[in-house]
Amino acid sequence: MIILDRQNGLFTLQTRNSTYQIKIGAHGVLLHSYYGPRVDGEDLSRLIRSADRGASVYPNDNGPDRTFSLDMLPQEYSSCGVSDFRLPSIEFEMPSGSRSADLRYTGFEVRRGKYAIQGLPAFWAADEAEADTLVLFMEDKTAQAAVELYYGVFEDCDLITRAVRVVNRGAETLRLCRCASLCLDFSHSDLDMITFNGRHLMERCPDRGPLRPGVQGVGSIRGTSSHQHNPFVVLCDPEANEDYGTAYGAVLVYSGSFEALAERNQFELSRLVMGINPYQFGWNLGPGEAFDAPEAALVCSPCGFGQMSRQFHKAIREHLIRDPYQGARRPILINNWEATTFNFNAEKLLSIAKEAAPLGLELFVMDDGWFGQRNDDNAGLGDWYVNTDKLPGGLEALVPQIQALGMKFGIWVEPEMVNEDSGLYREHPDWVLQVPGRAPCRGRGQLVLDFSRKDVRDHVYGQLRAMLSSADISYVKWDMNRSLSDVYSAALPRERQGEVFHRYVLGVYEMLEQMRSDFPGLFIEGCCGGGGRFDAGMLYYTPQIWCSDNTDAIDRLRIQYGTSFCYPPDAMGAHVSAVPNGSTGRTVPMETRGVVAMSGTFGYEMDLGETTQDEKNVIKEQVAQYKRCWELVQKGDYYRLTDPFRNPLFNAWEHVTPDRRCALVSVVTGTTYAAPAYMTLRLKGLDPALKYRVNGQDVYSGALLMSAGFPLPQPQDDYLAFQLLLEAE
Ligand code: GLA
C-alpha cells in the first residue's frame with residue numbers, strides 16, 4: 001500500500017510487516033524518514049535531525065541557516081559533491097566537465113501494478129492488485145538531467161523494489177559515471193553486515209561483522225555477479241538471529257559487475273548503496289536518451305533472518321521466476337558430466353539413460369562435449385553443431401531414442417564463449433573482447449565473445465535456434481565458464497567503451513529472452529562454473545541455477561545454507577554424484593547424498609552403469625520419496641534449524657507447507673565419535689495445536705516438537721542422514 005500525506009510531504013510504503021517512509025525536505029531534497037518494522041499512522045520524519053556542526057557544508061539555497069547539511073540528513077538517493085560527503089548514489093559528467101549531481105524533487109506518480117524495466121530483469125506482478133508503484137521525479141537543473149526513482153510495493157511478501165531511470169534533458173551528451181540502484185540510509189549505526197562470499201567450489205558462505213567507521217562492502221569487477229561475492233547483503237541488529245531481531249536483506253536483480261557498500265559515518269549514521277560497479281563504467285546519454293539502472297529489492301523482517309529468507313523465497317517464486325512448469329513438479333534429471341566429462345558417444349549416453357529410466361529419472365541432460373571438435377576444453381566453443389563422430393545422425397537420431405525410454409531430453413551450451421580452436425574464431429577472430437594491440441587473457445582455454453554486439457549475438461543465436469529446432473528439446477543448461485577481462489568492444493567508439501560491461505549483460509539478457517519466447521516450453525537452467533552467476537537477475541530467465549560444481553554432500557550443506565538466505569531451495573541445482581567425490585575425495589553414503597540433493601532441484605550426475613543393485617534400490621526409494629515430498633521443497637516455507645558452519649554434530653533444515661499441516665525435516669550428522677552427545681532437534685513453523693504423525697508412525701503435538709524437540713538417533717558412522725515426514729492428523 002502507498003499512503004500519501006500531501007500536507008506533510010510524506011510517502012509511506014506499507015507492507016504486511018514493514019514500513020518505508022520518504023519525506024520531501026526543505027529545498028526539495030528527498031529525505032529518508034524510516035525503513036523498518038511496521039509503524040502505522042506516524043510522521044516518522046520527526047526522527048530526522050540536523051544541526052550546525054563544525055566543518056559542515058550546506059546547500060547554497062539554505063541561506064544563512066547552517067543546520068541543513070546533506071552530510072547528516074538521511075537521503076533517499078544521495079547526491080554527489082554538494083555537501084553530502086558520504087557514498088554518492090549518482091555522478092554525472094556534464095558537458096562542462098564537472099562531475100557532480102544535485103537532485104531535487106519535482107513531483108510524483110502512483111500507479112496500480114508493478115513497473116517493468118525494458119531489457120532488464122525485474123520482479124513482476126501478474127495483476128494490478130498484487131503490487132503498487134510509486135515514482136518520485138527529481139532533477140538536477142544544472143546538469144539538465146531528470147532522475148526518476150521507482151518503488152514497487154509487494155505487500156504480502158514484505159518486498160520493496162527499487163529502480164532508477166536517468167534522462168538527459170539537455171542538448172549535449174551527459175556522461176553517467178555512477179548510477180546506483182539503491183540508497184538506504186539509517187539513523188543509527190549499530191548494525192551488523194552479512195555478506196555471502198566464496199570461490200569456485202565453495203560459494204556463498206556467510207560472513208558477519210559489525211559496521212566499522214568508514215566504508216566496507218563487496219563487489220565484483222568480473223563482469224559476472226561472481227563466485228567470490230554475491231549481490232545480496234544483510235544489515236541487521238547486532239543481536240539478530242534466525243528468529244529474532246530486525247534484519248534487512250538487499251538483493252540486486254543483476255548478473256554483471258556490482259558493488260554493495262555500507263558506510264558508517266562520523267555521526268553514527270549509516271548508508272547502504274548498491275548497484276552496477278562504477279569500475280570502468282561510463283554511459284553516454286545523448287539528448288533525450290534514458291538509462292535504466294537494474295532493479296534492487298529489499299525485505300525487512302522484524303523477527304530475524306528466517307522470516308527475511310522466507311519472504312525473499314516467496315517473492316522470488318511468485319514474482320520473479322517465470323517457470324514453464326508453473327507449480328507442477330519439475331522433472332528429476334540425470335546429467336552425464338561427472339560420469340563422462342568429454343568422453344562419450346551416443347552409445348554411452350544411451351547406456352546411462354537406459355539405466356536411469358527404470359529408476360524413475362525423467363530428464364536426460366547431455367552436458368559439454370557434444371558439438372564441434374569439443375574433445376577437451378581447448379576446442380570447440382562457438383561451433384554449436386553436433387559432432388556426428390560422437391553422435392551419428394545428430395540430435396534427430398539421439399533424442400527420439402531417449403524419449404523412447406520415457407525421458408525428456410536436455411542439452412548443455414555455453415553461448416558467450418569461444419575457443420581459438422573453433423570454426424567461429426577462425427572466421428571471426430575480431431568478435432572477442434580484446435584490447436587493440438594486446439592479445440586477450442585466456443580462462444579455461446577460452447575467450448569471451450563480445451555479447452555487447454548484436455551481430456555477434458545474432459550469429460550465435462542463429463546456431464542455437466537451429467540446434468533447438470532440430471529435435472524435441474525440453475531443457476537447456478546455459479553455462480558461462482570464465483570472468484570477463486580485456487573488456488573492450490571493437491564495435492564501439494572510444495568514448496563509449498565504459499558501456500561495454502553493462503551492454504554485455506544486456507546482450508545476455510536479450511538472448512535469453514529471445515530463447516524463452518521462441519521456445520516457450522523450454523526450461524533453462526543457469527550455470528557459471530557452478531554457482532558463479534547465482535543471482536536474482538538470472539533467475540528471471542533461468543528458474544534454477546547450478547548451485548556449485550562441488551557436489552560433495554557435506555560441502556553442499558554449507559553452500560546450500562548460505563544460498564538459502566536469499567534464494568529459494570527450488571532455485572538451487574543439486575545432484576547426487578558418485579563417491580569418492582571428485583572435488584573432495586570424500587565418501588558420503590548414498591542416502592545422505594540423496595537427502596541433500598532433494599533439498600534443491602533434485603537430480604543425479606553419475607554413471608548409473610557403475611552403481612550396484614543396492615545403490616539402485618536406494619535411488620528408487622529416493623525418487624519415490626521426492627515424488628511424495630516435492631511440493632514441500634518447491635513451494636514450502638524453509639526453516640534453517642542449524643548453522644553448518646557452527647554445528648559439528650548435525651545439520652538440519654525443514655520445509656513446511658504454508659498451511660503448516662505437512663513438513664519435511666532433513667538431518668545430516670557430522671563425523672561420529674565415541675560416547676556421543678545426546679542430540680535433540682527442536683522444529684519450527686509447525687502449528688502447536690496440531691498433532692503430527694512422524695514417518696507414518698508415532699504422533700506428537702506441534703507444541704511438543706517445537707518446544708521440547710525430537711530426540712535424534714545416535715549415529716554409528718560418519719555423515720548419516722534421515723528425514724522426518726510430518727503429516728497433521
Ligand atoms: C562447468 C559446469 C559443469 C559442467 C562443465 C562442462 O564447470 O559448472 O557443471 O557443465 O562446465 O564443461
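What you are looking at is a predicted structure, and each value in this text was computed from that prediction instead of being measured.

Each value, and the rule that gives it
- Residues numbered from 1 in each chain as written.
- Predicted model: local features only at pLDDT ≥ 70, side-chain atom pairs only at ≥ 80, totals over all residues.
- Heavy atoms only, no water.
- Core = buried A, V, L, I, M, F, W, Y, C linked by side-chain atoms within 4.5 Å.
- Buried < 20%, exposed > 50% of the residue type's maximum accessible area, 1.4 Å probe, protein only.
- Helix = DSSP H or I, 4+ residues; strand = E, 2+ residues; numbered from the N terminus.
- Contact = heavy atoms within 4.5 Å.
- Polar contact = N/O pair within 3.5 Å; in protein donor to acceptor, adjacent residues only side chain to side chain.
- Salt bridge = Lys/Arg side-chain N within 4 Å of Asp/Glu carboxyl O.
- Arc of directions from axis to C-beta.
- pLDDT = per-residue confidence, 0-100.
- Pairing = 2+ DSSP bridges.

So, on to the nonpolar core. Residues Met 366 and Trp 370 are the most contacted members of the largest nonpolar core, which totals 191 residues. Top element by residues in this core is helix H7 (residues 500–518). It accounts for 9 residues. With sequence-adjacent residues up to four places away left out, Met 366 is seen in contact with Asn 336, Phe 344, Leu 349, Leu 391, Leu 395, Leu 398, Phe 409, Gly 410, Ile 411 and Trp 412. If you look at the next biggest cluster of nonpolar residues, it comprises 21 residues, including Ala 652, Met 679, Leu 686 and Leu 712.

What follows concerns the environment of Arg 175. Assignment of secondary structure puts Arg 175 in strand E11 (residues 174–186). Using a relative accessible area of 23% as the deciding quantity, one classes Arg 175 as partly exposed. Residues Arg 175 and Arg 496 lie 321 residues apart in sequence; the distance between their C-alpha atoms is 9.6 Å. Dropping the residues within four chain positions of it, Arg 175 is found in contact with Glu 91, Phe 92, Glu 93, Gly 282, Trp 283, Asn 284 and Glu 495. In terms of polar contacts, Arg 175 uses its side chain to reach the side chain of Asn 284, at 2.8 Å. Here the side chain of Arg 175 touches Glu 495 through a polar contact of 3.0 Å, landing on its backbone oxygen.

Time to look at the side chain of Gln 723. Relative to the elements of secondary structure, Gln 723 occurs in strand E38 (residues 721–728). According to the relative accessible area criterion, Gln 723 is buried, its value standing at 12%. Here the side chain of Gln 723 touches Gln 625 through a polar contact of 2.8 Å, side chain to side chain. A polar contact of 3.3 Å, which involves the side chain of Gln 723, links it to the side chain of Ser 666. Those residues within four positions of Gln 723 in sequence are excluded, and the remaining contacts are Val 595, Met 598, Gln 625, Leu 664, Val 665, Ser 666 and Asn 695.

Inspection of the entire model under this criterion finds 47 salt bridges. Among the ionic pairs, Lys 348 bridges to Asp 607, the shortest N-O distance being 2.7 Å. One end of the pair, Lys 348, is in helix H3 (residues 346–356); the other, Asp 607, is in the loop between strand E30 (601–605) and helix H11 (613–635), with 259 residues separating them in the sequence. The class of Lys 348 is partly exposed, set by a relative accessible area of 27%. Across the salt bridge formed by Asp 377 and Arg 444, the nearest N and O atoms sit 3.6 Å from each other. In this pair, Asp 377 sits in the loop between strand E22 (363–366) and helix H4 (394–404) while Arg 444 sits in the loop between helix H5 (423–427) and strand E25 (447–448), placing the two residues 67 residues apart along the sequence. A relative accessible area of 24% means that Asp 377 is categorised as partly exposed. What emerges from the salt-bridge pattern is a single network uniting Asp 84, Arg 86, Asp 185 and Arg 271.

The subject of this paragraph is H3. Residues of H3 that are buried include every one of Ala 346, Leu 349, Leu 350, Ile 352, Ala 353 and Ala 356, and no others. The arc that holds the buried residues of H3, viewed along the axis, is 160°, so those residues lie on one side. Of the exposed residues in H3, the ones pointing more than 90 degrees away from its buried face are Glu 347 and Lys 354. Considering only its buried residues, H3 is in contact with strand E21 (333–335), helix H2 (337–340), E22 and H4.

The next point concerns helix H10 (residues 590–597). Most of H10 is tucked away: 7 of the 8 residues are buried. Along H10, the residues classified as buried are Met 590, Thr 592, Arg 593, Gly 594, Val 595, Val 596 and Ala 597.

This part is about the confidence of the model for the chain. When pLDDT is averaged along the chain, the result is 97, and 100% of the positions lie at 70 or above. Confidence, expressed as mean pLDDT per element, reaches its minimum in the chain at strand E37 (residues 710–711) with 92 and its maximum at strand E16 (residues 247–253) with 99.

For a regular strand, side-chain orientation follows a simple rule: the groups alternate between the two sheet faces. Counting buried positions along strand E18 (residues 270–276) yields 7 of 7 residues, so the element is predominantly enclosed. Pairing between E11 and E18: 6 bridges, direction antiparallel. Bridging across to E18, Ala 180 finds its partner in Gly 275. Sheet analysis places strand E17 (residues 258–264) next to E18, joined by 7 bridges and oriented antiparallel. Paired with Glu 263 across the two strands is Arg 271, which belongs to E18. Between E17 and E18, which pair antiparallel and follow one another directly, the connecting turn spans 5 residues, one of which, Glu 268, has a positive phi of 60°.

With that settled, the discussion passes to unusual backbone geometry. Residue Pro 580 follows Val 579 across a cis peptide bond; omega there is -5°. Even without being glycine, Arg 660 reaches a positive phi, approximately 65°. With respect to the element layout, Arg 660 can be found in the loop between strand E32 (650–656) and strand E33 (662–669). Since its relative accessible area comes to 36%, Arg 660 is described here as partly exposed.

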